[in-house]
Amino acid sequence: MGLTISKRLVELMGGRISVKSGVGKGTEFSFAVRFEIWAEARQRLAVPTGTGPEPPLPALNILLVEDSADNRMITLAYLRDTPHRVEVAENGAVALDMFATGYFDLVLMDRQMPVMDGLTATRAIREWEQANRRPATPIVALTAAALKGDQEQCVAAGCTAYLTKPIKQEVLLQAIKDLAVVAPALSPGESGRKAAILVRANPKFADLIPEFLRNRRQDISVILDALDRGDFETVGNLGHDMKGAGGSYGFQAITNIGAALTQAAESLDNDTSRKWVGELSRYLDRIEVVPG
């Protein structure tokens, strides 16, 4: 790699590059970057006897939307040793096409890009999800401009989270980990899959979680009964409650399903409402709650 690319990669990792040169002695380039100890090595050194390793997170299908080749390179390097699968779009327009024809659990969205910028692409994705009655996929805004009001603009456009460049590896991985508790919006082919969904629920509500999940089971019966009677007000109210509470307890998928149920109820759409009740039932069947 050339010095310009090397310098940018080092700086993106939060480090610095330096040079020593002397006539007749040659030139020496070096860099210093602060890295965290590899998680597995740290566990072998620090985990008390009798405690097991942290349960693995599910592998996510991630869409990386980034026009800078250097930034794509470093982000892919950050994710190289993770179980996640990453596809790349060079701008928002390409990302929208890929999102509509593929299936992604998470989107990493650069804000400033040619052809279609990140916020425009995010709004377009949210419109596509609503038109196709899909729960909201987590979208993480990546921006180099930490200006006042920038985060609010990203959230208003539909972004789930917001990270400022240069992004350190541990920050990116933590953001993905936080959003990995989302049971991904199930595609038709995935709905019947039997594999368990590992969910790191909010530890603050650990003692309340069993009752919370039992209540969602009861909601299924109530909603189905309401749909038989054409009572969309009850469906909408229960969907609204799920939308407000699911993410707080650590179950973002329940928030997503609640949002979809609310929208279906507003449209008086019985078939779509039943579809999302089925998704909720399958999700509850597959949940395995692990310590946060």
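To be clear, the structure that these remarks concern was listed above.
On a predicted model such as this, the values are computed, not experimentally measured, just so you know. (Residues numbered from 1 in each chain as written. Predicted model: local features only at pLDDT ≥ 70, side-chain atom pairs only at ≥ 80, totals over all residues. Heavy atoms only, no water.)

Overview of the pairing of strand S3 (residues 61-65)
- Across the 5 residues that make up S3, a large majority, 5, are buried.
- Burial of the side chains of S3 extends over both faces: Asn61, Leu63 and Val65 are buried on one face and Ile62 and Leu64 on the other.
- What joins S3 to strand S4 (residues 85-89) is helix H3 (residues 69-78), and the crossover it makes is right-handed.
- Pairing geometry for S3 and strand S5 (residues 106-110), over 4 bridges, is parallel. Across the sheet, residue Ile62 finds its bridge partner in S5, namely Leu106. (Buried < 20%, exposed > 50% of the residue type's maximum accessible area, 1.4 Å probe, protein only. Helix = DSSP H or I, 4+ residues; strand = E, 2+ residues; numbered from the N terminus. Right-handed = clockwise from strand over helix to strand, strands pointing away. Pairing = 2+ DSSP bridges.)

Brief notes about the nonpolar core
- Ranked by internal contacts, the top residues of the largest apolar core, which has 25 residues, are Leu213, Ile223, Phe251, Ile254, Leu261 and Leu284.
- Every element with two or more residues in this core is listed here: helix H8 (209-229), helix H9 (232-249), helix H10 (252-266) and helix H11 (270-286).
- Setting aside chain neighbours within four positions, we find Leu284 in contact with Leu213, Arg216, Arg217, Ile220 and Ile254.
- In this structure, Phe104, Met116, Ile125 and Ile139 belong to the second largest nonpolar core, which totals 20 residues. (Core = buried A, V, L, I, M, F, W, Y, C linked by side-chain atoms within 4.5 Å. Contact = heavy atoms within 4.5 Å.)

Some thoughts on H9
- Between its first and last C-alpha, H9 extends 26 Å over 18 residues, near the 26 Å set by a 1.5 Å rise per residue.
- Along its length, H9 shows its largest kink, about 25°, at Lys243.
- Where H9 is buried, its residues contact H8, H10 and H11. (Expected span 1.5 Å × (residues − 1). Bend = angle between axes of the 7 residues up to and from the residue.)

So, a nonpolar patch on the surface
- Together, Leu3, Val19 and Phe29 line one region of the surface with nonpolar side chains, adding up to about 290 Å² of accessible area.
- Within the element layout of this structure, Phe29 appears in strand S2 (residues 26-32).
- A relative accessible area of 44% places Phe29 in the partly exposed class. (Patch = residues over 30% accessible without salt bridge, like charges linked within 9 Å, V, L, I, M, F, W, Y side chains within 5 Å. Areas by Shrake-Rupley, 256 points an atom, 1.4 Å probe, with all protein chains shown as cover. Salt bridge = Lys/Arg side-chain N within 4 Å of Asp/Glu carboxyl O.)

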